[in-house]
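Geometric and topological summary
As a plain string of letters, each chain reads:
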Amino acid sequence: PSFRQINLTAHKLVCYTEASDELLEDSAVSLEALLASLYRQSIAWYEEHAFINGTGAGQPRGVINAPATFAQGRAAAGAIGIVDIINMLEHFQGSNPIWLISRSCLPSLMQLSGPSGNASYVFMPNARDGMPGTLFGYPVFYNEHCPVLGSRGDIGLYDFKMYLIGDRQGTTIDASKHYRFQYDLTSWRAVHRVDGQPWLSQPIYLSDGSTQVSPFVVLDAATGS
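Residues numbered from 1 in each chain as written. Predicted model: local features only at pLDDT ≥ 70, side-chain atom pairs only at ≥ 80, totals over all residues. Heavy atoms only, no water.

**Here we look at the packing of aromatic side chains**
Convention followed: Note on aromatic contacts: the rings of Phe and Tyr and the six-membered ring of Trp form a pair at centre separations within 6.5 Å, being stacked when their planes are under 30 degrees apart, edge-to-face when over 60 apart, and tilted otherwise. Starting at the N terminus, helices and strands are each numbered in turn, a helix being any DSSP run of H or I of at least four residues and a strand any DSSP run of E of at least two. Buried means the residue's accessible area, taken with a 1.4 Å probe over protein chains only, is under 20% of the maximum for its type, while exposed means over 50%, and partly exposed covers the values in between.
One pass over the structure, following the stated rule, counts eight aromatic pairs. When the ring of Phe-92 is compared with that of Tyr-138, the centres are 6.5 Å apart and the planes differ by 55°; the resulting orientation is tilted. One end of the pair, Phe-92, is in the loop between α3 (82-90) and β3 (98-101); the other, Tyr-138, is in strand β5 (residues 138-142), and 46 residues separate them in sequence. Taking relative accessible area as the criterion, Phe-92 reaches 12% and is therefore assigned buried. Look at Tyr-138 and you get partly exposed, because its relative accessible area is 28%. Members of the aromatic cluster, connected to one another through ring pairs, are Phe-51, Tyr-158, Phe-160, Tyr-163 and Phe-216.

This is the structure in structure tokens:
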């Protein structure tokens, strides 16, 4: 086996808000508990966005544009076809695959049918039953962080067991009555430090010397192989 060293740099994410002391005193709910819940949801949102789209500069490296990701060219620009899905499966290798798909791709998937040589199978067998939760047996998750239909990564097949996350510091939430004391305001700050990047540095060649596989496969914006 060959080994390499991976450095995870803890990038800081800070949330900040202010509220009047009257609101703090008169609120029918615990404002501090509400803010703590909202901060954690906000941090989770930004983390997920970075793990998918991040550039790696001052933030985690997202899977869509990572060097380890295999980008499959699509058969037709601005569309998703059954051939695209099959080609993506050819280049995927992982033990815990899931599909992350932009909701803008939903109409294309709902109308997805088999190839011209065997058009008998479709994604939606009828308009009566519920929408399928799997595609070729793998779970489907519609994710708002995926780019819109026709963009690179509008649909992706991922094994996130092969994605490294370094939580250097758990979320800390602090309040201060002093910073904005003259304005009768209380300020809150939440701090979180994290990094993430794919475990692999590039797709892997199989023993045939030509077939590339990866635990991260996306449909590219451009057509072709």
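**Here we look at α3**
The following threshold applies: Think of the arc as the fan of directions from the helix axis to the C-beta atoms. Note on definitions: a residue-residue contact is assigned when non-hydrogen atoms from the two residues lie within 4.5 Å.
Listed in full, the buried residues belonging to α3 are Ile-82, Asp-84, Ile-85 and Met-88. The arc that holds every buried residue of α3, seen down its axis, measures 160°, which confines them to one face. Looking at the buried side of α3, the elements it contacts are β2 (70-74), β3, β4 (134-135), β6 (155-158) and β11 (216-223).

**Considerations on unusual backbone geometry**
Both trends apply: most residues other than glycine have a negative phi, and most peptide bonds are in trans. Its identity as a non-glycine residue notwithstanding, Phe-136 has a phi of 55°, on the positive side. In this fold, Phe-136 is placed in the loop between β4 and β5. Notably, Asp-184 is not glycine yet its phi reads approximately 60°, a positive angle. The residue Asp-184 is located in the loop between β7 (163-176) and β8 (185-198) in this model. You can call Asp-184 partly exposed: its relative accessible area is 34%.

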